[in-house]
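A look at the structure
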Amino acid sequence: MYSFMHLSFQEFFTALSYMLLCDEEAQEKVRELFSKVRHGPQHFHLLPIVQFLFGILNKEVAKRLEEKYISCSQGIWTQLKHFILEVIEKGKEDQIVRRTMQLFTFHCLYELHADDFVKEAMETYTDINMSGSPLKKTDCWVLMYCQSIECLELSGCNLTAENMKILLPALQKCKALVLQVDDLADDDLDGLLTALGEGKSLELDLRNTNFSDEKVQDLLVALTKHKTRKVQIGVKSITSNTADKFMSLISKAHGVLDLIKLHSCGNVALSGQLQKDGVRAPQIVLWLKVPEMKMICDSIRTSGYSLTGVKPEWDEHADELISLLHSQTSLGEIVLLVSSLTERCAASVIRLSQACSNLKDIILQVNGFLLEEGIQCLRESKRRPGCQLLLLGRRCRKLADQCSEEKDKRLSCNDNVLLALHGESFIEIVLRHGKESGIDDTWYCGIDDTWNGNEVNIDEEWEQTRYL
(Lines give C-alpha, C1' and ligand atoms only; values in the text may rest on other atoms or scores of the structure.)
Protein backbone atom coordinates (compact mmCIF):
# COMPACT_ATOMS: atom_id res chain seq x y z
CA MET A 1 0.00 0.00 0.00
CA TYR A 2 1.56 3.29 -1.09
CA SER A 3 0.47 6.91 -0.68
CA PHE A 4 1.75 10.13 -2.27
CA MET A 5 2.00 13.73 -1.13
CA HIS A 6 0.14 14.86 -4.26
CA LEU A 7 -3.10 12.96 -4.82
CA SER A 8 -2.79 13.16 -8.61
CA PHE A 9 0.10 10.69 -8.46
CA GLN A 10 -1.92 8.29 -6.35
CA GLU A 11 -4.97 8.59 -8.63
CA PHE A 12 -2.88 8.00 -11.75
CA PHE A 13 -1.03 5.00 -10.40
CA THR A 14 -4.32 3.52 -9.13
CA ALA A 15 -5.69 3.72 -12.68
CA LEU A 16 -2.46 2.35 -14.13
CA SER A 17 -2.47 -0.54 -11.66
CA TYR A 18 -5.70 -1.83 -13.22
CA MET A 19 -3.79 -2.32 -16.47
CA LEU A 20 -1.32 -4.60 -14.73
CA LEU A 21 -4.05 -7.03 -13.69
CA CYS A 22 -5.49 -9.84 -15.74
CA ASP A 23 -8.48 -8.80 -17.82
CA GLU A 24 -11.13 -10.38 -15.58
CA GLU A 25 -9.66 -8.96 -12.35
CA ALA A 26 -9.20 -5.52 -13.95
CA GLN A 27 -12.84 -5.42 -15.02
CA GLU A 28 -13.95 -6.40 -11.53
CA LYS A 29 -11.92 -3.49 -10.05
CA VAL A 30 -13.48 -1.07 -12.52
CA ARG A 31 -16.98 -2.39 -11.73
CA GLU A 32 -16.34 -1.71 -8.03
CA LEU A 33 -15.09 1.78 -8.89
CA PHE A 34 -18.18 2.61 -10.95
CA SER A 35 -20.49 1.17 -8.27
CA LYS A 36 -19.07 3.61 -5.70
CA VAL A 37 -19.23 6.58 -8.06
CA ARG A 38 -22.89 5.84 -8.85
CA HIS A 39 -23.75 6.13 -5.16
CA GLY A 40 -23.35 9.90 -5.22
CA PRO A 41 -21.19 12.89 -4.30
CA GLN A 42 -19.60 11.23 -1.27
CA HIS A 43 -17.55 9.15 -3.73
CA PHE A 44 -16.79 11.92 -6.24
CA HIS A 45 -13.19 11.97 -5.01
CA LEU A 46 -12.80 8.81 -7.12
CA LEU A 47 -13.72 10.57 -10.39
CA PRO A 48 -10.09 11.53 -11.20
CA ILE A 49 -9.26 7.80 -11.32
CA VAL A 50 -11.98 7.32 -13.94
CA GLN A 51 -10.63 10.29 -15.89
CA PHE A 52 -7.10 8.84 -15.81
CA LEU A 53 -8.49 5.53 -17.15
CA PHE A 54 -9.88 7.39 -20.15
CA GLY A 55 -6.49 9.04 -20.63
CA ILE A 56 -4.66 5.71 -20.46
CA LEU A 57 -7.00 4.32 -23.15
CA ASN A 58 -6.15 7.21 -25.48
CA LYS A 59 -4.71 5.59 -28.62
CA GLU A 60 -1.41 7.42 -28.44
CA VAL A 61 -0.97 6.71 -24.74
CA ALA A 62 -1.99 3.05 -25.12
CA LYS A 63 0.54 2.64 -27.91
CA ARG A 64 3.36 3.93 -25.71
CA LEU A 65 2.28 1.70 -22.81
CA GLU A 66 2.35 -1.35 -25.09
CA GLU A 67 5.97 -0.52 -25.88
CA LYS A 68 6.56 -0.96 -22.13
CA TYR A 69 4.66 -4.28 -22.22
CA ILE A 70 1.56 -2.84 -20.54
CA SER A 71 -1.54 -3.75 -22.53
CA CYS A 72 -4.86 -1.91 -22.20
CA SER A 73 -7.86 -4.16 -21.56
CA GLN A 74 -10.54 -4.10 -24.26
CA GLY A 75 -13.02 -5.08 -21.55
CA ILE A 76 -12.19 -1.95 -19.55
CA TRP A 77 -12.68 0.16 -22.67
CA THR A 78 -16.17 -1.32 -23.09
CA GLN A 79 -16.98 -0.61 -19.43
CA LEU A 80 -15.80 3.00 -19.72
CA LYS A 81 -17.83 3.52 -22.88
CA HIS A 82 -21.03 2.23 -21.29
CA PHE A 83 -20.40 4.23 -18.10
CA ILE A 84 -19.95 7.60 -19.78
CA LEU A 85 -22.98 7.03 -22.05
CA GLU A 86 -24.98 6.12 -18.93
CA VAL A 87 -23.92 9.39 -17.25
CA ILE A 88 -24.99 11.36 -20.31
CA GLU A 89 -28.39 9.61 -20.44
CA LYS A 90 -29.05 10.21 -16.73
CA GLY A 91 -28.11 13.85 -17.20
CA LYS A 92 -30.93 14.25 -19.72
CA GLU A 93 -33.49 13.32 -17.05
CA ASP A 94 -31.82 14.61 -13.88
CA GLN A 95 -30.61 18.21 -13.82
CA ILE A 96 -28.53 17.60 -10.68
CA VAL A 97 -26.62 14.78 -12.39
CA ARG A 98 -26.20 16.96 -15.46
CA ARG A 99 -24.86 19.94 -13.50
CA THR A 100 -22.46 17.93 -11.33
CA MET A 101 -21.17 15.52 -13.96
CA GLN A 102 -21.15 17.32 -17.30
CA LEU A 103 -17.71 18.94 -17.03
CA PHE A 104 -16.27 15.63 -15.78
CA THR A 105 -17.90 13.93 -18.79
CA PHE A 106 -16.30 16.37 -21.20
CA HIS A 107 -12.89 15.92 -19.59
CA CYS A 108 -13.18 12.14 -20.00
CA LEU A 109 -14.06 12.50 -23.69
CA TYR A 110 -11.22 14.95 -24.18
CA GLU A 111 -8.74 12.56 -22.50
CA LEU A 112 -9.86 9.74 -24.76
CA HIS A 113 -9.70 11.87 -27.91
CA ALA A 114 -11.60 9.31 -29.97
CA ASP A 115 -13.45 11.51 -32.44
CA ASP A 116 -16.01 8.91 -33.59
CA PHE A 117 -17.01 8.03 -30.03
CA VAL A 118 -17.15 11.70 -28.99
CA LYS A 119 -19.51 12.34 -31.90
CA GLU A 120 -21.71 9.45 -30.74
CA ALA A 121 -21.66 10.54 -27.10
CA MET A 122 -22.41 14.19 -27.86
CA GLU A 123 -25.07 13.50 -30.49
CA THR A 124 -27.94 14.54 -28.23
CA TYR A 125 -25.87 16.51 -25.70
CA THR A 126 -26.25 19.77 -27.59
CA ASP A 127 -27.45 22.09 -24.80
CA ILE A 128 -24.75 22.85 -22.23
CA ASN A 129 -25.20 25.11 -19.22
CA MET A 130 -21.95 25.78 -17.34
CA SER A 131 -23.26 28.92 -15.61
CA GLY A 132 -21.97 29.33 -12.08
CA SER A 133 -19.06 26.94 -12.61
CA PRO A 134 -15.66 28.70 -12.71
CA LEU A 135 -13.77 27.52 -15.80
CA LYS A 136 -10.01 27.10 -15.99
CA LYS A 137 -8.00 27.11 -19.19
CA THR A 138 -8.09 23.30 -19.43
CA ASP A 139 -11.88 23.37 -19.04
CA CYS A 140 -12.11 25.74 -21.99
CA TRP A 141 -9.98 23.44 -24.18
CA VAL A 142 -12.30 20.59 -23.23
CA LEU A 143 -15.45 22.55 -24.17
CA MET A 144 -13.89 23.65 -27.43
CA TYR A 145 -13.18 19.98 -28.30
CA CYS A 146 -16.89 19.05 -27.88
CA GLN A 147 -17.98 21.18 -30.82
CA SER A 148 -21.47 19.76 -31.37
CA ILE A 149 -22.82 22.37 -28.94
CA GLU A 150 -25.90 24.26 -30.18
CA CYS A 151 -26.92 26.08 -26.99
CA LEU A 152 -24.19 27.23 -24.61
CA GLU A 153 -24.57 29.12 -21.31
CA LEU A 154 -21.42 30.57 -19.77
CA SER A 155 -22.51 33.05 -17.11
CA GLY A 156 -20.64 33.39 -13.82
CA CYS A 157 -17.78 31.21 -15.09
CA ASN A 158 -15.02 33.75 -14.36
CA LEU A 159 -14.14 33.81 -18.04
CA THR A 160 -11.19 36.00 -18.98
CA ALA A 161 -10.22 37.31 -22.41
CA GLU A 162 -7.53 34.61 -22.66
CA ASN A 163 -9.98 31.78 -21.94
CA MET A 164 -12.60 33.29 -24.25
CA LYS A 165 -10.14 33.12 -27.15
CA ILE A 166 -9.85 29.35 -26.64
CA LEU A 167 -13.63 29.04 -26.86
CA LEU A 168 -14.12 31.14 -30.00
CA PRO A 169 -14.59 28.12 -32.37
CA ALA A 170 -17.31 26.74 -30.07
CA LEU A 171 -18.97 30.17 -29.80
CA GLN A 172 -19.00 30.44 -33.57
CA LYS A 173 -20.86 27.15 -34.06
CA CYS A 174 -23.55 27.46 -31.38
CA LYS A 175 -26.97 28.88 -32.27
CA ALA A 176 -27.92 30.21 -28.83
CA LEU A 177 -25.44 31.76 -26.43
CA VAL A 178 -25.44 33.18 -22.91
CA LEU A 179 -21.99 34.64 -22.29
CA GLN A 180 -20.33 36.63 -19.52
CA VAL A 181 -16.71 37.71 -19.93
CA ASP A 182 -14.68 40.01 -17.68
CA ASP A 183 -11.92 42.50 -18.48
CA LEU A 184 -12.16 42.45 -22.27
CA ALA A 185 -10.02 45.03 -24.05
CA ASP A 186 -11.00 46.78 -27.28
CA ASP A 187 -8.85 44.37 -29.33
CA ASP A 188 -10.52 41.36 -27.72
CA LEU A 189 -13.94 42.57 -28.82
CA ASP A 190 -13.06 42.31 -32.52
CA GLY A 191 -12.38 38.56 -32.18
CA LEU A 192 -15.59 38.02 -30.22
CA LEU A 193 -17.76 39.85 -32.76
CA THR A 194 -16.23 37.82 -35.60
CA ALA A 195 -16.93 34.56 -33.76
CA LEU A 196 -20.52 35.55 -32.97
CA GLY A 197 -21.34 35.97 -36.64
CA GLU A 198 -25.05 36.69 -37.17
CA GLY A 199 -28.46 35.34 -36.22
CA LYS A 200 -27.77 33.95 -32.74
CA SER A 201 -30.18 34.01 -29.83
CA LEU A 202 -27.95 36.04 -27.55
CA GLU A 203 -27.55 37.14 -23.94
CA LEU A 204 -24.29 39.02 -23.43
CA ASP A 205 -22.84 40.27 -20.14
CA LEU A 206 -19.79 42.48 -20.64
CA ARG A 207 -20.42 44.79 -17.69
CA ASN A 208 -16.96 44.23 -16.16
CA THR A 209 -15.21 45.70 -19.17
CA ASN A 210 -14.16 49.20 -20.11
CA PHE A 211 -14.72 49.65 -23.83
CA SER A 212 -13.99 52.84 -25.70
CA ASP A 213 -16.93 54.73 -27.18
CA GLU A 214 -15.98 53.58 -30.70
CA LYS A 215 -16.01 49.91 -29.69
CA VAL A 216 -19.31 50.28 -27.86
CA GLN A 217 -20.80 51.59 -31.11
CA ASP A 218 -19.35 48.59 -33.02
CA LEU A 219 -20.88 46.24 -30.46
CA LEU A 220 -24.31 47.89 -30.55
CA VAL A 221 -24.37 47.69 -34.37
CA ALA A 222 -23.27 44.02 -34.30
CA LEU A 223 -26.02 43.15 -31.83
CA THR A 224 -28.69 44.34 -34.29
CA LYS A 225 -27.75 41.30 -36.43
CA HIS A 226 -28.71 38.88 -33.67
CA LYS A 227 -31.84 37.94 -31.74
CA THR A 228 -30.49 39.78 -28.71
CA ARG A 229 -32.49 39.25 -25.51
CA LYS A 230 -30.30 40.75 -22.79
CA VAL A 231 -27.11 42.76 -22.95
CA GLN A 232 -24.88 44.51 -20.40
CA ILE A 233 -21.93 46.62 -21.53
CA GLY A 234 -19.15 48.33 -19.58
CA VAL A 235 -18.10 51.67 -21.08
CA LYS A 236 -15.50 54.37 -20.45
CA SER A 237 -17.81 57.10 -21.70
CA ILE A 238 -20.36 57.63 -24.45
CA THR A 239 -21.19 60.25 -27.07
CA SER A 240 -24.45 61.24 -28.74
CA ASN A 241 -23.63 58.79 -31.59
CA THR A 242 -23.51 55.96 -29.05
CA ALA A 243 -26.85 57.09 -27.61
CA ASP A 244 -28.36 56.97 -31.10
CA LYS A 245 -26.98 53.47 -31.77
CA PHE A 246 -28.24 52.42 -28.34
CA MET A 247 -31.77 53.38 -29.37
CA SER A 248 -31.27 51.89 -32.85
CA LEU A 249 -30.60 48.49 -31.25
CA ILE A 250 -33.71 48.84 -29.11
CA SER A 251 -35.79 49.74 -32.16
CA LYS A 252 -34.50 46.87 -34.33
CA ALA A 253 -34.73 44.31 -31.52
CA HIS A 254 -38.22 45.44 -30.48
CA GLY A 255 -40.19 42.43 -29.30
CA VAL A 256 -37.05 40.35 -28.62
CA LEU A 257 -34.86 42.50 -26.41
CA ASP A 258 -35.89 42.38 -22.74
CA LEU A 259 -33.08 44.27 -21.01
CA ILE A 260 -30.14 46.49 -21.88
CA LYS A 261 -27.64 47.96 -19.42
CA LEU A 262 -24.78 50.42 -19.77
CA HIS A 263 -22.20 50.54 -16.96
CA SER A 264 -19.57 53.22 -16.42
CA CYS A 265 -18.03 55.11 -13.52
CA GLY A 266 -21.08 57.39 -13.75
CA ASN A 267 -22.47 59.61 -11.06
CA VAL A 268 -26.09 58.50 -11.27
CA ALA A 269 -28.05 55.30 -11.69
CA LEU A 270 -31.37 54.96 -13.47
CA SER A 271 -33.55 52.01 -14.43
CA GLY A 272 -36.67 52.50 -16.50
CA GLN A 273 -39.32 50.88 -18.65
CA LEU A 274 -39.61 52.02 -22.27
CA GLN A 275 -42.69 51.98 -24.44
CA LYS A 276 -43.59 53.06 -27.95
CA ASP A 277 -47.10 53.60 -29.35
CA GLY A 278 -48.51 52.08 -26.17
CA VAL A 279 -46.48 48.87 -26.60
CA ARG A 280 -44.07 47.79 -23.89
CA ALA A 281 -40.39 47.95 -24.95
CA PRO A 282 -37.18 46.81 -23.19
CA GLN A 283 -36.15 47.79 -19.69
CA ILE A 284 -33.04 49.96 -19.58
CA VAL A 285 -30.56 50.30 -16.72
CA LEU A 286 -27.92 53.05 -16.84
CA TRP A 287 -24.95 53.97 -14.66
CA LEU A 288 -23.65 57.08 -16.39
CA LYS A 289 -22.54 60.65 -15.87
CA VAL A 290 -25.37 63.18 -15.96
CA PRO A 291 -24.44 64.63 -19.42
CA GLU A 292 -24.34 61.09 -20.83
CA MET A 293 -27.69 60.34 -19.23
CA LYS A 294 -29.07 63.45 -20.95
CA MET A 295 -27.88 62.08 -24.33
CA ILE A 296 -29.81 58.86 -23.72
CA CYS A 297 -32.94 60.73 -22.60
CA ASP A 298 -32.78 62.98 -25.69
CA SER A 299 -32.33 59.95 -27.96
CA ILE A 300 -35.26 58.19 -26.30
CA ARG A 301 -37.48 61.17 -27.07
CA THR A 302 -36.32 61.68 -30.69
CA SER A 303 -36.70 57.93 -31.40
CA GLY A 304 -40.37 58.09 -30.56
CA TYR A 305 -40.02 56.12 -27.34
CA SER A 306 -41.01 57.20 -23.88
CA LEU A 307 -40.22 56.26 -20.30
CA THR A 308 -43.35 55.04 -18.50
CA GLY A 309 -41.68 54.21 -15.20
CA VAL A 310 -38.25 54.94 -13.80
CA LYS A 311 -36.26 54.05 -10.73
CA PRO A 312 -33.35 56.43 -10.05
CA GLU A 313 -31.20 56.42 -6.93
CA TRP A 314 -31.04 59.63 -4.90
CA ASP A 315 -27.59 61.03 -4.15
CA GLU A 316 -25.81 64.37 -4.46
CA HIS A 317 -26.21 64.27 -8.26
CA ALA A 318 -29.87 63.32 -8.29
CA ASP A 319 -31.19 66.86 -8.69
CA GLU A 320 -29.62 66.97 -12.16
CA LEU A 321 -31.06 63.56 -13.04
CA ILE A 322 -34.54 64.47 -11.80
CA SER A 323 -34.35 67.63 -13.92
CA LEU A 324 -33.66 65.47 -16.98
CA LEU A 325 -36.82 63.50 -16.30
CA HIS A 326 -38.91 66.70 -16.55
CA SER A 327 -38.76 66.28 -20.34
CA GLN A 328 -40.29 62.78 -20.14
CA THR A 329 -43.85 64.05 -20.27
CA SER A 330 -45.37 60.55 -20.62
CA LEU A 331 -43.76 59.36 -17.40
CA GLY A 332 -46.48 57.64 -15.37
CA GLU A 333 -44.63 56.28 -12.33
CA ILE A 334 -41.32 56.84 -10.61
CA VAL A 335 -39.76 54.80 -7.82
CA LEU A 336 -37.06 56.83 -6.12
CA LEU A 337 -34.46 55.10 -3.94
CA VAL A 338 -33.50 57.49 -1.16
CA SER A 339 -30.93 57.25 1.64
CA SER A 340 -32.97 59.70 3.77
CA LEU A 341 -35.88 62.07 3.11
CA THR A 342 -34.42 65.56 3.44
CA GLU A 343 -36.05 68.88 2.63
CA ARG A 344 -33.94 69.12 -0.53
CA CYS A 345 -35.08 65.66 -1.67
CA ALA A 346 -38.73 66.50 -0.97
CA ALA A 347 -38.53 69.77 -2.91
CA SER A 348 -37.02 67.97 -5.92
CA VAL A 349 -39.84 65.41 -5.86
CA ILE A 350 -42.47 68.16 -5.80
CA ARG A 351 -40.88 69.89 -8.81
CA LEU A 352 -40.91 66.61 -10.71
CA SER A 353 -44.61 66.02 -9.96
CA GLN A 354 -45.42 69.51 -11.24
CA ALA A 355 -43.34 69.15 -14.43
CA CYS A 356 -44.69 65.75 -15.56
CA SER A 357 -48.40 66.13 -16.19
CA ASN A 358 -49.00 62.37 -16.65
CA LEU A 359 -47.15 61.36 -13.51
CA LYS A 360 -49.62 59.59 -11.23
CA ASP A 361 -47.45 57.71 -8.74
CA ILE A 362 -44.24 58.73 -6.98
CA ILE A 363 -42.90 56.06 -4.66
CA LEU A 364 -40.01 56.86 -2.34
CA GLN A 365 -38.24 53.86 -0.85
CA VAL A 366 -36.16 55.33 1.95
CA ASN A 367 -33.36 53.16 3.30
CA GLY A 368 -32.78 55.48 6.24
CA PHE A 369 -35.02 58.02 7.98
CA LEU A 370 -38.03 60.06 6.95
CA LEU A 371 -36.81 63.32 8.43
CA GLU A 372 -39.44 65.71 9.74
CA GLU A 373 -38.09 68.53 7.54
CA GLY A 374 -38.81 66.42 4.44
CA ILE A 375 -42.25 65.30 5.59
CA GLN A 376 -43.19 68.91 6.44
CA CYS A 377 -42.02 70.10 3.02
CA LEU A 378 -44.21 67.51 1.27
CA ARG A 379 -47.27 68.31 3.39
CA GLU A 380 -47.01 72.07 2.95
CA SER A 381 -46.18 72.09 -0.76
CA LYS A 382 -48.65 72.60 -3.57
CA ARG A 383 -48.75 69.11 -5.00
CA ARG A 384 -50.50 68.33 -8.26
CA PRO A 385 -53.90 66.80 -7.36
CA GLY A 386 -53.61 63.86 -9.74
CA CYS A 387 -50.25 62.71 -8.37
CA GLN A 388 -50.00 60.43 -5.33
CA LEU A 389 -46.92 60.14 -3.13
CA LEU A 390 -46.08 56.98 -1.24
CA LEU A 391 -43.14 56.89 1.18
CA LEU A 392 -41.63 53.87 2.92
CA GLY A 393 -39.00 54.33 5.59
CA ARG A 394 -38.20 54.81 9.29
CA ARG A 395 -39.67 57.60 11.39
CA CYS A 396 -38.33 58.56 14.80
CA ARG A 397 -40.96 59.13 17.49
CA LYS A 398 -38.83 61.27 19.81
CA LEU A 399 -40.02 64.85 20.19
CA ALA A 400 -36.46 66.24 20.27
CA ASP A 401 -33.00 65.12 19.16
CA GLN A 402 -34.53 62.73 16.61
CA CYS A 403 -32.55 59.84 15.11
CA SER A 404 -31.03 60.40 11.68
CA GLU A 405 -27.90 58.21 11.51
CA GLU A 406 -27.42 54.67 10.22
CA LYS A 407 -26.30 53.50 13.66
CA ASP A 408 -29.67 54.54 15.16
CA LYS A 409 -31.88 52.41 12.88
CA ARG A 410 -32.57 49.63 15.39
CA LEU A 411 -33.45 51.85 18.34
CA SER A 412 -36.91 51.27 19.83
CA CYS A 413 -38.03 54.84 19.06
CA ASN A 414 -37.96 54.17 15.30
CA ASP A 415 -40.97 52.71 13.48
CA ASN A 416 -41.12 51.35 9.94
CA VAL A 417 -43.94 53.34 8.36
CA LEU A 418 -45.83 53.95 5.15
CA LEU A 419 -46.88 57.52 4.39
CA ALA A 420 -49.42 58.27 1.66
CA LEU A 421 -50.18 61.78 0.36
CA HIS A 422 -52.87 62.55 -2.18
CA GLY A 423 -54.34 65.99 -2.64
CA GLU A 424 -54.98 67.35 0.85
CA SER A 425 -55.04 63.88 2.42
CA PHE A 426 -52.24 62.45 4.53
CA ILE A 427 -52.17 59.00 6.10
CA GLU A 428 -49.53 57.20 8.13
CA ILE A 429 -49.53 53.42 8.61
CA VAL A 430 -47.12 51.72 11.00
CA LEU A 431 -45.72 48.62 9.33
CA ARG A 432 -43.56 47.62 12.26
CA HIS A 433 -43.10 49.25 15.64
CA GLY A 434 -39.69 49.83 17.16
CA LYS A 435 -38.91 47.29 19.89
CA GLU A 436 -40.82 48.03 23.10
CA SER A 437 -42.09 51.27 21.61
CA GLY A 438 -45.43 50.99 23.41
CA ILE A 439 -47.31 52.37 20.36
CA ASP A 440 -50.82 51.09 19.79
CA ASP A 441 -50.64 48.08 17.47
CA THR A 442 -54.03 48.83 15.85
CA TRP A 443 -52.19 50.90 13.18
CA TYR A 444 -50.66 47.72 11.70
CA CYS A 445 -51.87 47.39 8.09
CA GLY A 446 -50.88 43.83 7.19
CA ILE A 447 -47.93 44.45 4.85
CA ASP A 448 -45.38 41.62 4.97
CA ASP A 449 -43.86 41.81 8.44
CA THR A 450 -40.46 40.85 7.07
CA TRP A 451 -40.05 44.27 5.42
CA ASN A 452 -36.60 45.50 6.39
CA GLY A 453 -36.74 49.14 5.33
CA ASN A 454 -35.28 48.62 1.87
CA GLU A 455 -37.47 47.40 -0.99
CA VAL A 456 -40.92 45.90 -0.43
CA ASN A 457 -43.72 44.67 -2.69
CA ILE A 458 -46.17 47.52 -2.25
CA ASP A 459 -48.57 47.06 -5.16
CA GLU A 460 -51.46 45.79 -3.06
CA GLU A 461 -51.04 48.40 -0.32
CA TRP A 462 -50.62 51.13 -2.93
CA GLU A 463 -54.00 50.23 -4.38
CA GLN A 464 -55.52 50.45 -0.90
CA THR A 465 -54.36 54.07 -0.59
CA ARG A 466 -55.74 55.29 -3.93
CA TYR A 467 -59.00 56.45 -2.32
CA LEU A 468 -57.14 59.04 -0.23
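For the structure itself, look to the data block above.
The structure displayed is predicted, hence computed values, not measured ones.

What follows deals with the pattern of salt bridges. Enumeration according to the criterion identifies 17 salt bridges in this entry. Where Asp 298 meets Lys 294, a salt bridge forms, and the shortest distance between an N and an O atom there is 2.9 Å. Remark: Lys 294 and Asp 298 occur in helix H13 (residues 290–302); sequence separation between them is 4 residues, near one turn of the helix. Here Arg 397 makes a salt bridge to Asp 415, at a shortest N to O gap of 2.9 Å. Pair noted here: Arg 397 is in the loop between strand S12 (388–396) and strand S13 (414–422) and Asp 415 is in strand S13, with a separation of 18 residues, a long-range link. Given the relative accessible area of 31%, Arg 397 is considered partly exposed.

Next up on the list: the packing of helix H2 (residues 23–38) against helix H3 (residues 47–56). Between H2 and H3, the shortest axis-to-axis distance is 10 Å and the interhelical angle comes to 135°. On the basis of their axis angle, the class for H2 and H3 is oblique. Helix-helix and strand crossings are classified by hand; for H2 and H3 the assignment is left-handed. Between H2 and H3, the residues in contact are Val 30, Leu 33, Phe 34 and Val 37 and Leu 47, Ile 49, Val 50 and Leu 53, respectively. Classifying every residue of the contact of H2 with H3 by side-chain character gives 8 nonpolar, no polar and no charged.

Let's shift gears to the packing of aromatic side chains. How two aromatic rings sit relative to each other is set out by the distance from centre to centre and by the angle between their planes. By the definition in use, this model includes 5 aromatic pairs. With centroids separated by 5.5 Å and ring planes inclined at 70°, the aromatic side chains of Phe 12 and Phe 52 adopt a geometry described as edge-to-face. Remark: Phe 52 occurs in helix H3 and Phe 12 occurs in helix H1 (residues 7–19); sequence separation between them is 40 residues. A relative accessible area of 27% means that Phe 52 is categorised as partly exposed. One aromatic cluster is present, formed by Phe 12, Phe 13 and Phe 52 through successive ring pairs. Here Arg 379 stacks its cationic end above the ring of Phe 426, 3.9 Å away from the centre of that ring.

Their axes nearest at 9 Å, the elements helix H6 (residues 95–112) and helix H8 (residues 137–145) cross at an angle of 75°. Relative to H8, the element H6 is oriented roughly perpendicular. Residues Leu 103, Phe 106, His 107, Leu 109 and Tyr 110 of H6 lie in contact with H8, whose contacting residues are Thr 138, Asp 139, Trp 141, Val 142, Leu 143 and Tyr 145.

Let's shift gears to H6. End to end, H6 covers 25 Å across 18 residues, agreeing with the expected 26 Å (1.5 Å per residue, within 8%). At Met 101, H6 shows its maximal bend, which comes to roughly 50°. Here H6 has its buried residues at Arg 98, Met 101, Gln 102, Leu 103, Phe 104, Thr 105, Phe 106, His 107, Cys 108, Leu 109 and Leu 112. Lining the buried residues of H6 we find H3, helix H5 (74–93), helix H7 (115–121), strand S1 (127–129) and H8.

Counting through the fold element by element, Gln 79 comes out in helix H5. Note on Gln 79: relative accessible area 13%, which makes it buried. Setting aside residues up to four positions removed in sequence, Gln 79 forms contacts with Gln 27, Val 30, Arg 31 and Phe 34.

Turning our attention to the environment of Gln 42. In this fold, Gln 42 is placed in the loop between H2 and H3. Side-chain polar atoms of Gln 42 contact the backbone oxygen of His 39, separated by 3.1 Å.

Further remarks concern the environment of Met 101. Position of Met 101 relative to the elements: it lies in helix H6. For Met 101, a relative accessible area of 7% corresponds to the buried category. It is 9.9 Å that separates the C-alpha atoms of Met 101 and Ile 84, two residues lying 17 residues apart in sequence. Apart from residues lying up to four places away in sequence, Met 101 is in contact with Phe 44, Leu 47 and Val 87.

Reading the values: rules and limits
- Residues numbered from 1 in each chain as written.
- Predicted model: local features only at pLDDT ≥ 70, side-chain atom pairs only at ≥ 80, totals over all residues.
- Heavy atoms only, no water.
- Salt bridge = Lys/Arg side-chain N within 4 Å of Asp/Glu carboxyl O.
- Helix = DSSP H or I, 4+ residues; strand = E, 2+ residues; numbered from the N terminus.
- Buried < 20%, exposed > 50% of the residue type's maximum accessible area, 1.4 Å probe, protein only.
- Axes fitted to C-alpha atoms, helices over the stretch in contact; angles between N-to-C directions.
- Parallel < 35°, antiparallel > 145°, perpendicular 65-115°, else oblique.
- Left-handed = near helix turned anticlockwise from the far one by under 90°.
- Contact = heavy atoms within 4.5 Å.
- Nonpolar A, V, L, I, M, F, W, Y, C, P; charged D, E, K, R; others polar.
- Phe/Tyr/Trp six-rings, centres within 6.5 Å; stacked < 30°, edge-to-face > 60°.
- Lys NZ or Arg CZ within 6 Å of the ring centre and 35° of its normal.
- Expected span 1.5 Å × (residues − 1).
- Bend = angle between axes of the 7 residues up to and from the residue.
- Polar contact = N/O pair within 3.5 Å; in protein donor to acceptor, adjacent residues only side chain to side chain.

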